[in-house]
Amino acid sequence: MLIAPETDPRGKAISDYFFKRKTAKLLTCTHLTTYDELPLPYLFRSYNDMPEIERQALNLAHGRILDVGAAAGAHSIYLQQKGFDVTAIDNSQLSVEVLKARGLKAEAADFFEYKAQPFDTLLFLMNGAGMCGTLDRLPIFLERCKSLITSSGQILLDSSDLIYLYMEDDGSCNIDLNGYYYGEMLFSVKYKKLRSDKFKWLFVDFDNLKQAAFKCGMQCEKIIDGPHYDYLARIS
């Protein structure tokens, strides 16, 4: 579903920063955490300022590329400068205005409804695959990806294993095995007086991702571990 400008704090923040050079705080919080600031310049970072996981993903991207949840376009800009045919999509209409102003081929689109010719690489960085919301919707997300890649195509995504949030001092984990999956988070975003509705976002551990990919008839490999329970995976 597309996000209307009047209910889009993230898009408004990106738009203000790019078009008006305003830098008010963009804040995110979950049902487990208080508000944290996401610095707006970070969304416009260059390749050299990206974490190793993102640089590795960009180095692996090839062919015709779809950057999903492109935000301000940091990854698409780099790939386009490298000569790749890149399409950037986001469900924020305000963000897409910025993407187009930065010279990118961009569309306002809901990934689950997006239709196009198959791509060689689907890119989901900054935990973009979390859009599926819950673990039981992960196969739906992967099947959607499968319909948008060529027979030799790939999906590059990063995520995090949030098990560390539940670790006790003795190394045990305080998790309700009969409850919801521990990587399912309830988010909200705030910018100035704009506050988003609460939305579900998934952080999936690698083993669950690999199992879901296998059930969808795909292979999943871990490319690199990050510094804090995060990782980059390639699915084909």
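Before any of the text, the structure's been laid out above.
Throughout this description, residue numbers start from 1 for each chain and increase along the sequence as written. Per-residue local features of the predicted model are confined to residues with pLDDT of at least 70, and side-chain atom pairs are confined, for both listing and counting, to 80 or more; whole-chain, interface and lining totals are unaffected and use all residues. Side-chain calculation: all heavy atoms of the structure are included, whereas hydrogens and water are not.

Trainee: A description of the side chain of D161 should follow, citing residues and the corresponding values.
Mentor: Secondary-structure assignment places D161 in the loop between β7 (149-160) and β8 (184-191). Comment: no salt bridge for buried D161; closest opposite-charge side chain is K222, at 7.9 Å. Looking at D161, its side chain comes within polar contact range of the side chain of Y182, at 2.7 Å. The criterion used for residue contact is that any of the two residues' heavy atoms lie within 4.5 Å. Residue contacts for D161: discarding those within four places in its chain leaves Y182, D205 and Y229. A run of H or I in DSSP counts as a helix once it spans at least four residues, and a run of E counts as a strand once it spans at least two, with each numbered from the N terminus. Exposure classes here rest on a 1.4 Å probe applied to the protein chains alone. A residue is buried below 20% of its type maximum, exposed above 50%, and partly exposed in between. Neither His nor the chain termini are counted; the positive set is Lys and Arg, and the negative set is Asp and Glu. Salt-bridge detection follows one rule: a side-chain nitrogen of Lys or Arg within 4 Å of a carboxyl oxygen of Asp or Glu. In protein, a polar contact means a hydrogen-donor-capable atom and an acceptor-capable atom, both N or O and within 3.5 Å, with residues adjacent in sequence counting only if both atoms are side-chain atoms; elsewhere, any N or O pair within 3.5 Å suffices.

Trainee: For the sheet that holds strand β12 (residues 230-235), give the residues involved together with the corresponding values.
Mentor: In short, DSSP must find at least two bridges between two strands for them to pair. The strand order across the open sheet formed by seven strands is β5-β4-β3-β6-β7-β12-β11, and the pairing between neighbours is mixed. Each edge of the open sheet is held by one strand with a lone partner, namely β5 (105-108) and β11 (220-225). Going from strand to strand, the sheet's axes swing by 20° on average, the running direction of each strand aside. As a rule, the C-alpha atoms of each element are fitted with a line to give its axis, helices using only the stretch in contact, and angles between N-to-C directions run from 0 to 180 degrees. Its contacts with the sheet place helix α3 (residues 74-81) against β3 (64-68), β4 (85-90), β5 and β6 (119-124), and it is angled at close to 170° to β4. Sheet strands in contact with helix α5 (residues 138-146) are β6, β7 and β12, and its direction is about 145° off that of β7.

Trainee: Residues and numbers for α5, please.
Mentor: For α5, the complete set of buried residues consists of L138, F141, L142, R144 and C145. The arc enclosing the buried residues of α5, seen along the axis, measures out at 155°, which places them on a common side. Each element contacted by the buried residues of α5 is listed here: β6, β7, β10 (199-202), α6 (206-215) and β12. Here, the arc refers to the directions that run from the helix axis to the C-beta atoms.

Trainee: Quick rundown of unusual backbone geometry? Include the residues and the values.
Mentor: Residues other than glycine seldom take positive phi values, yet A71 does so here, at roughly 55°. Position of A71 among the secondary structure elements: in the loop between β3 and α3. Judged by its relative accessible area of 12%, A71 is buried. If you check the backbone angles, M126 has positive phi at about 60° while not being a glycine. Inspection of the secondary structure assignment puts M126 in the loop between β6 and α5.

Trainee: An account of the environment of R144 is needed here, citing residue identities and associated values.
Mentor: Along the chain, R144 turns up in helix α5. Through-space distance from the C-alpha of R144 to that of E52 is 27 Å; in sequence the pair is 92 residues apart. The residues contacting R144, other than those within four sequence positions of it, are F111, F112, E113, Y114 and K115. For R144, the side chain forms a polar contact with the main-chain oxygen of F112, separated by 3.1 Å.

Trainee: Residue-level account of the pattern of salt bridges, with values.
Mentor: Enumeration over the complete set of coordinates arrives at ten salt bridges. For the salt bridge of E54 with R45, the shortest nitrogen-to-oxygen distance reads 2.6 Å. For the pair formed by E54 and R45, the shared burial category is buried. The salt bridge partner of K222 is D225, with a shortest N-O separation of 3.1 Å. A relative accessible area of 37% places K222 in the partly exposed class. Members of the salt-bridge network, linked through shared partners, are K12, D16, K20 and K192.

Trainee: Any details on α6? Residues and values, ideally.
Mentor: Within the span of α6, buried status applies to F206, L209, A212 and A213. Buried residues of α6, seen end-on, are gathered within an arc of 130° and therefore sit on one face of the element. Structural note: α6 exposes D207, F214 and K215 on the side pointing more than 90 degrees away from its buried face. Where α6 is buried, its residues contact α5, β7, β11 and β12. The N-terminus of α6 is capped by D205, whose side-chain oxygen sits 3.2 Å from the backbone nitrogen of D207. Two residues or fewer after α6 comes G217, characterised by a positive phi angle close to 75°.

Treat this as a map of the structure, not an account of what it does.
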